[in-house]
Every structure is written in structure tokens, then in C-alpha cells.
Amino acid sequence: MSGAALRVLRAGALTTVQDLGRPGYAHLGVPRSGALDTGAHALANRLLGNPADAAALETTLDGVALRALAPVTVAVTGAPCAVRVSGRAVAWGAPVRLRAGAELEVGRAESGVRGYVAVRGGFCVPPVLGSRSTDLLSGLGPPVLSAGTVLPVGPAGPDPVRGVDVPALPGTPGELVLPLRTGPRADWFEPASIAALWRAEFRVSPASNRIGLRTEAGTRLIRARGGELPSEGMVLGAVQVPPDGLPVVFLADHPVTGGYPVVGVVPAGPALDAAAQARPGVPVRFVRAR
């Protein structure tokens, strides 16, 4: 560790430490976890010259407030928001230097859901199975942040702090379009139901979380067969259909097995990043993946 640290003054609705997660441990019953919006997480680290797997904070809707206990450099990406240092407005999506004692206030998301706060050197909480990510499903990793928590900062790497390809501030998406590769259990549903899936419009449910994006108010998928499916492995982006017929898109904290049929899989990438930022009520459509 570098000796630098930040203290949590306001934890927000849900703020966790996230890196690239724990892929490769599903056979041990350990979920992948990691940042939901991988593009925003990667951008925050690139801004600071950090390695891609450096741990950052993932905020939910109302941001976080931190006090620097030593001089550090930070960057905020993800959901656009107001960023202030000791009451003074500073840039979103750019490196910001904090002197010792300065207070960083990351405000409420103006659009989207999840913000990312990175520090040069990364947050150096103890790793579990090679990752510093908080996993809400299994309980692995550091606890959800609370006021008073002190977060140590790791040593800075050799790459310099500099501006990168920061996109324009994203607006609230009018619609979430998810490419879907059908299978492995599409045959559990009526052919007419699968055909209707491509025309159906769902909405993001308020019950969505880091485990999965739940949908509501869409055309319900009708099963072609009864009975129960034995539990089988689940992957990131799997679209599972519970008995109510409304699809659930599995995100980073998804379980490693499940017993409801999977109608298809949304490939990892920009579409799942967009799912991480979709607010309740946003329309959702599935399209055939190329």
C-alpha cells in the first residue's frame, strides 16, 4: 500500500468496491461479480494510468462522499453527475487532484444508475480469490461501504495520468435494446411465444439489482412443456424465464446455477453495460444477435 487512503463520509444508497471480478470459479459455486458497467470502470482506470483490473467504487443513483487522508488523484465516470471538491465544481470524466483533507462529493446520477470512482493506485482492500469485488450474492469481498470506512490506496503504477477518449455525457436511453442468442432452452417455450419475443416491449422492473435486470409489463413467454428443469450452470447475460413468463437478464452477481429455463444469452459487452445503467421503467426489447 502507498499509505494514502480515503474515508467514507456518505456511503450513498449502495456503494461497493468492484474490479473485474472472479471469473473461473463457478465450479466452486463462486459467482463472477465485478463492475456492472465494464466500459465505465475501464475508462475511470485509463484516466488515471491504472491497470484495467484496479479496484474502484461502484455507486448507485445518489453517489458517495469521501475525504482524502493524503494527496490523491481521482476520476468519476459512469452515470453523469455533479462532482465537487470541498464545495467547488470539478470535472466529471477527468483526473482530479485532491489535497489531504479535501472532500470529494459525487452527486446524484442525472441519468443512468451506476457511477464509478477510481483513485490512482486503485483501492487496496484485501483480495478474496484474486479479486477485491464485493459480491452481494455470496457475501465474498469487502462489505458494502458505510460512513466511517477507511479505504487504503495502492501504489501508483508507471503509466501517467492523462486525458483519454472520454465520450460526451450520455443521455438517458429511450430504450434498452439487448441482442439475444437463443438457447439452450428455447425449446421449452411455445414457438409462437419465441416469435412474439422479437416484437415484445418489456420495461425494466424496480426489482432489478446487481444479480439481474428484471422485466415487467411485456408479453409473457408461454412454456411448451410442464415439469421442472434440473439446475444447470448459468453464465453472465443468461436470460432466465421464471414461472411468471417475464425474462430476467443475469448480471455480474448472478448465481452459478439455476433451475428455470434459459431462453437465450445476451453477449458480454456494450449491451450489458447499458443494462447496468437502465433505470426502472425504461423500455426493453430483445433483438436477434448477429
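Everything discussed here concerns the structure shown above.
What counts, and where the lines are drawn
- Residues numbered from 1 in each chain as written.
- Predicted model: local features only at pLDDT ≥ 70, side-chain atom pairs only at ≥ 80, totals over all residues.
- Heavy atoms only, no water.
- Buried < 20%, exposed > 50% of the residue type's maximum accessible area, 1.4 Å probe, protein only.
- Helix = DSSP H or I, 4+ residues; strand = E, 2+ residues; numbered from the N terminus.
- Contact = heavy atoms within 4.5 Å.
- Pairing = 2+ DSSP bridges.
- Axes fitted to C-alpha atoms, helices over the stretch in contact; angles between N-to-C directions.
- Polar contact = N/O pair within 3.5 Å; in protein donor to acceptor, adjacent residues only side chain to side chain.

**Student:** When you look at helix H1 (residues 38-48) in this model, what are you seeing that I'm missing?
**Tutor:** Side chains that are three or four residues apart share a direction in an α-helix, a result of its 3.6 residues per turn. What H1 keeps buried is the set Ala40, His41, Leu43, Ala44, Asn45, Leu47 and Leu48. Against strand S2 (16-18), strand S3 (56-60), strand S5 (72-78) and strand S10 (114-119) lie the buried residues of H1. Backbone geometry just downstream of H1 places Gly49 in the positive-phi region, at approximately 75°.

**Student:** Even after reading the chapter, I still don't get the sheet that holds strand S11 (residues 150-152), so can you show me in this structure?
**Tutor:** An order of S7-S6-S9-S4-S1-S11 is seen for the 6 strands of this open sheet, with the pairing classed as antiparallel. Bordering the open sheet on either side are strand S7 (88-90) and S11, each of which pairs with just one other strand. Across this sheet, the average inter-strand angle for adjacent strands is 30°, counted without regard to direction. Sheet topology note: the strand S1 (residues 5-10)/strand S4 (residues 64-68) ladder contains 4 bridges and is antiparallel. Residue pairing in the sheet places Arg7 in a bridge with Arg67 of S4.

**Student:** Got a minute to help me understand the side chain of Glu58 in this structure?
**Tutor:** With respect to the element layout, Glu58 can be found in strand S3. In this structure the side chain of Glu58 is engaged in a polar contact, spanning 2.5 Å, whose partner is the side chain of Tyr116. Those residues in contact with Glu58 that lie beyond four places of it in its chain are Leu14, Thr15, Thr16, Gln18, Ala35, Leu36, Arg114, Gly115, Tyr116 and Arg210.

**Student:** Would you take a moment to explain the environment of Val76 for this structure?
**Tutor:** Within the element layout of this structure, Val76 appears in strand S5. Residue classification places Val76 among the buried residues on the basis of a relative accessible area of 3%. Along the primary structure Val76 and Tyr116 are separated by 40 residues, whereas in three dimensions their C-alpha atoms are 5.5 Å apart. With residues near it in sequence (within four places) discarded, Val76 still touches Cys81, Val83, Trp92, Gly93, Val106, Tyr116 and Val117.

**Student:** Sorry if this is basic, but what is going on with unusual backbone geometry here?
**Tutor:** Excluding glycine, a negative phi dihedral is what most residues carry, and trans is how most peptide bonds are arranged. For the bond from Gly183 to Pro184, the omega torsion is 10°, close enough to zero to count as cis. For Pro184, the location among the structural elements is in the loop between strand S12 (176-182) and helix H2 (191-197). If you check the backbone angles, Ser86 has positive phi at about 50° while not being a glycine. Within the secondary structure, Ser86 sits in the loop between strand S6 (83-85) and S7. Of note in this structure, Leu129 is not a glycine but carries a positive phi near 50°. Counting through the fold element by element, Leu129 comes out in the loop between S10 and S11. Owing to a relative accessible area of 37%, Leu129 belongs among the partly exposed residues under this scheme.

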